[in-house]
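# Breakdown of the fold
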Amino acid sequence: MSSTRREPWIHTWNEDGIQRQAQIHYTYDDCSVVWAPRYPGDPQPWFDGDRAEDDPSARYEDEDLVTLGEQSDPHFGEVDDDLDLDDDLDF
């Protein structure tokens, strides 16, 4: 099994003369996502901006991310290149 180390990173951009930042995280299926809850208490607050906002597959839960928690946690940042979410993970 090969795996790739993934860690969150900061994306910086300018909007309306204001410098903004967002921390980008990765999911087990290696999508980059940003914290973008739709409403308070949203169970899927993470959003993959490469897909449409109303696409249900663009939304993720905290448990779907490999880049949450402490870097010393087991499996933090590791993504299996051949991972199939439906077969290999039990959320």
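Attention in this report is confined to the structure presented alongside it. (Residues numbered from 1 in each chain as written. Predicted model: local features only at pLDDT ≥ 70, side-chain atom pairs only at ≥ 80, totals over all residues. Heavy atoms only, no water.)

Here the focus is the pattern of salt bridges. Scanning the model with the defined rule gives 4 salt bridges in all. Between Arg6 and Asp30 there is a salt bridge, with its nearest N and O atoms 2.9 Å apart. Residue Arg6 is located in the loop between strand S1 (3–5) and strand S2 (9–15), and its partner Asp30 is located in the loop between strand S3 (18–26) and strand S4 (32–35); the two are separated by 24 residues in the primary sequence. Judged by its relative accessible area of 24%, Arg6 is partly exposed. Close ionic contact of Arg51 with Asp48 constitutes a salt bridge, the shortest N to O distance being 2.8 Å. Assessed through its relative accessible area of 23%, Arg51 is described here as partly exposed. (Salt bridge = Lys/Arg side-chain N within 4 Å of Asp/Glu carboxyl O. Helix = DSSP H or I, 4+ residues; strand = E, 2+ residues; numbered from the N terminus. Buried < 20%, exposed > 50% of the residue type's maximum accessible area, 1.4 Å probe, protein only.)

This part takes up the pairing of S3. Bridge count between S2 and S3: 7 bridges; the pairing is antiparallel. Note that in S3 the partner of Ile10 across the bridge is Gln23. Taken together, S2 and the strand that follows it, S3, pair antiparallel across an intervening segment of 2 residues, in which Asp16 is found at a positive phi of about 55°. As judged from the 2 bridges shared by S3 and S4, these two strands associate in the antiparallel manner. (Pairing = 2+ DSSP bridges.)

A word on the side chain of Arg59. On the secondary structure map, Arg59 appears in strand S6 (residues 59–60). For Arg59, the side chain forms a polar contact with the main-chain oxygen of Ala36, separated by 2.6 Å. Those residues within four positions of Arg59 in sequence are excluded, and the remaining contacts are Ala36, Arg38, Asp42, Gln44, Pro45, Trp46, Phe47 and Glu53. (Polar contact = N/O pair within 3.5 Å; in protein donor to acceptor, adjacent residues only side chain to side chain. Contact = heavy atoms within 4.5 Å.)

Spatially, the 5 strands line up as an open sheet ordered S2-S3-S4-S5-S6, and their pairing is antiparallel. In the strand order of this sheet, the two ends are held by S2 and S6, each with one partner.

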